[in-house]
Amino acid sequence: MTTLLINKFFNRIAVLTLLFMAITVNPTKAATAENYKQYMDGAEKVQHFTGTVLVARDGKTIFAGGFGRADFESGRRNFPSTRFAIGSVTKQFTAAAIMQLVEQGKLSLSDPIAKYLPEYPEDVANKVTIRHLLTHTSGVVNFTNTPVYATWKDQDVPLDAQVNTIASMPLEFEPGTQFKYSNSGYKLLEAIIVKVTGMPWSEYITTNILKPVGMSASGCDLRLVADSIRAFGYETDDSNSPKRVELPFSSIPGGAGAIFSTVEDLLKWDQALYTEKTLKRSSLDAVFTPFLGNYGYGWMIDSLAGQQRYWHDGLIDGFTSMFVRMPKEKLCIVVLANNHMLDAHRIANGLSAIALGLPYDVPVIKSPIAANSAA
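Residues numbered from 1 in each chain as written. Predicted model: local features only at pLDDT ≥ 70, side-chain atom pairs only at ≥ 80, totals over all residues. Heavy atoms only, no water.

Draft legend 1. Main features of the nonpolar core. If you look at the biggest cluster of nonpolar residues, it comprises 110 residues, and the most contacted ones within it are M40, F49, F93, Y120, W269, V335 and L351. When residues no more than four places from it in sequence are discounted, the contact partners of Y120 are I113, A125, V140, I166, A167 and L188. (Core = buried A, V, L, I, M, F, W, Y, C linked by side-chain atoms within 4.5 Å. Buried < 20%, exposed > 50% of the residue type's maximum accessible area, 1.4 Å probe, protein only. Contact = heavy atoms within 4.5 Å.)

Draft legend 2. Highlighting the pattern of salt bridges. As enumerated under the stated definition, the model contains 13 salt bridges in all. Here E329 makes a salt bridge to R57, at a shortest N to O gap of 2.9 Å. Of this pair, E329 sits in the loop between β12 (319–326) and β13 (331–337) while R57 sits in strand β2 (residues 51–57), and the two are 272 residues apart along the sequence. The salt bridge involving R325 is made with D270; its shortest N-O contact spans 2.6 Å. (Salt bridge = Lys/Arg side-chain N within 4 Å of Asp/Glu carboxyl O. Helix = DSSP H or I, 4+ residues; strand = E, 2+ residues; numbered from the N terminus.)

Draft legend 3. Seen up close, the packing of aromatic side chains. Per the stated rule, a full pass over the model turns up 14 aromatic pairs. Ring centres 4.5 Å apart and planes at 25° place the aromatic pair F93 and W269 in the stacked group. With F93 in helix α3 (residues 91–103) and W269 in helix α11 (residues 263–272), this residue pair connects regions lying 176 residues apart in the sequence. Comparing F93 with W269, the two get one shared label, buried. Between the aromatic rings of F143 and Y149, the centroid separation amounts to 6.1 Å while the plane-to-plane angle is 65°, which identifies the pairing as edge-to-face. Every member of this aromatic cluster is reached through a ring pair, and the members are Y36, F49, F63 and F67. (Phe/Tyr/Trp six-rings, centres within 6.5 Å; stacked < 30°, edge-to-face > 60°.)

Draft legend 4. View of the packing of helix α7 (residues 159–167) against helix α8 (residues 183–197). Contact pair α7 / α8: the axes reach a minimum separation of 10 Å and the direction vectors enclose 135°. Judged by the inter-axis angle, α7 sits oblique to α8. In this structure, the crossing between α7 and α8 has a hand that is left-handed. Residues L159, Q162, V163 and I166 of α7 lie in contact with α8, whose contacting residues are S184, K187, L188, E190, A191 and V194. Residue composition of the contact of α7 with α8, by class: 6 nonpolar, 2 polar and 2 charged. (Axes fitted to C-alpha atoms, helices over the stretch in contact; angles between N-to-C directions. Parallel < 35°, antiparallel > 145°, perpendicular 65-115°, else oblique. Left-handed = near helix turned anticlockwise from the far one by under 90°. Nonpolar A, V, L, I, M, F, W, Y, C, P; charged D, E, K, R; others polar.)

Draft legend 5. Highlighting the environment of Y36. Residue placement: Y36 occurs in helix α2 (residues 33–46). Measuring from C-alpha to C-alpha, the distance between Y36 and F63 comes to 6.8 Å, with 27 residues separating the pair along the chain. Sequence-distant contacts of Y36, defined by excluding residues within four places in its chain, comprise A31, V55, I62, F63, L351, I354 and A355.

Draft legend 6. Spatial organisation of the sheet that holds β12. If you trace the 6 strands from one edge of the open sheet to the other, you get β3-β2-β13-β12-β11-β10, paired in antiparallel fashion. Either end of the sheet is taken by a strand with one partner, and the two such strands are β3 (60–67) and β10 (300–304). When strand polarity is set aside, the average angle formed by the axes of neighbouring strands in this sheet is 15°. In this structure, β2 lies alongside β3, joined through 7 bridges in antiparallel fashion. Note that in β3 the partner of R57 across the bridge is K60. (Pairing = 2+ DSSP bridges.)

In structure tokens, the structure reads:
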């Protein structure tokens, strides 16, 4: 994601905070689909949420719904089956692919990237390991925060050219000493997957992860999906007027953010992670072990209301997302929005509160109170 997108996103949330208030609800019984619907109806009306959400427990959907428009020009609405770009939620799939290759003995997490990326300066490549890339502790500069991203977005740039450009940027810090989020690290992981398997990253992900899990509505290039079943991305101005935003060529986000999916398919992924369908239990344990910054391999790891939580968000041109797993509760929450100005965290936190029986806010429009004119 670009710095500009981040700044616009948080400025937008600040405006929403000033414009709207919320009412506090204290649930006294188990949440029902009506509780979630009431919350999301408020989010659509007040926060102009446009997208889809899903809440499931033990693999069973409690609530799923589409809100707002998938296509504002035609008026077509969102549904749970609508395809959305998921941005950086992609990283957990790239991480899973790397762990599959570890299981097959084709690479090791302690391998320096010099072993796979000979175009990288040797003095740097011998210090950076695959584990550093997975955990955002490599020191490799985040290319989406540099001017090159703006020049690449509208081009189908070859992967080797991208790697060469990233390789030309000096490290920001000594590998392993800090956590600093970097999309470049997952671009390099993409290149390593291609080098080791001889397959394009998208082909490997589709063949070895998406298809075995049954994620038939997911893929690696939303631009190629039929208009009738996909959402288009938007941004809004201060008057909430939507403006369509085009996704970059999929070759640019690649292993860092190119996947599209549906809330229903992401529930399938959630359920697969309780099994050894894609990874052995030892690999899954490693994936969900936090390193610096509470980041594992493609996942943030923290807690909510004392319950362990695995999650990742995504922000890519026109789209924002949030994917949450709470394994002790067997809870899965997915938020996919086709407006990158919306706060998917805020929606996911509200849905989580409902599911956990915590106080939550139902968005309502603040009505002005007339002043008492009596003397």
